[in-house]
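Spelled out from the first residue to the last, the chains are:
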Amino acid sequence: MAIDHLDTATELQDLLNTTALRHQLSQSVTHMPSLKMCADCDADIPEARQRLGGVTRCVECEGYFQRERQREQQRGRR
Ligand SMILES: [Zn+2]
């Protein structure tokens, strides 16, 4: 039961990251092809995620990267 809960949380996280990434890509003009493996940890990048274009990290690393970047932006603005 605990694993089921974790699964849902991961899927939700994936969805959130994908949405955030799509939003980010619609703002930037870069249309680079996606990598098949994460540039940071060599994990497989899901095909659905590759289709977004310009994907270089797995969900986990991208989430970590974006969190770090948000933190930097917030620090810079204040
Ligand atoms: Zn990764």
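Use the structure listed above.
Within each chain, residue numbers correspond to sequence positions counted from 1 in written order. It should be noted that, the model being predicted, local features are given only for residues of pLDDT at least 70 and side-chain atom pairs only at 80 or more, the latter also being counted only at that level, while totals for whole chains, interfaces and linings use all residues.

Undergrad: I keep staring at the overall build of the chain and nothing clicks. Help me out?
TA: The number of helices and strands found in the chain is 3 helices and 0 strands. Numbering of helices and strands starts at the N terminus; helices are DSSP runs of H or I of at least 4 residues and strands are runs of E of at least 2. Its helices and strands in sequence order give the chain the pattern α-α-α, from N to C terminus. Backbone-placed C-beta atoms define the burial measure: a residue is buried with 20 or more other C-beta atoms within 10 Å of its own, exposed with 12 or fewer, and partly exposed in between. Split into buried and exposed, the 78 residues of the chain put 9% on the buried side.

Undergrad: Teacher, can you tell me more about the environment of Thr 56 here?
TA: Mapped onto the fold, Thr 56 is located in the loop between helix H2 (47-50) and helix H3 (59-77). The exposure class assigned to Thr 56 is partly exposed, which follows from the 16 C-beta atoms found within 10 Å. Considering only alpha carbons, one finds Thr 56 and Leu 35, 21 residues apart in sequence, at a separation of 5.2 Å. Placing C-beta atoms from the backbone, we regard two residues as in contact once those atoms come within 7 Å. If we skip the residues at most four places from it in the chain, Thr 56 touches Leu 35 and Ala 39.

Undergrad: I keep staring at the environment of Cys 41 and nothing clicks. Help me out?
TA: Structurally, Cys 41 can be placed in the loop between helix H1 (2-27) and H2. Separated by 16 residues in sequence, Cys 41 and Arg 57 have C-alpha atoms that sit 8.0 Å apart.

Undergrad: Hey, could you run me through the environment of Val 55 in this one?
TA: Structurally, the position occupied by Val 55 is in the loop between H2 and H3. Given 23 C-beta atoms within 10 Å, Val 55 falls into the buried group. Setting aside residues up to four positions removed in sequence, Val 55 forms contacts with Ser 34, Leu 35, Ile 45, Arg 49 and Gln 50.

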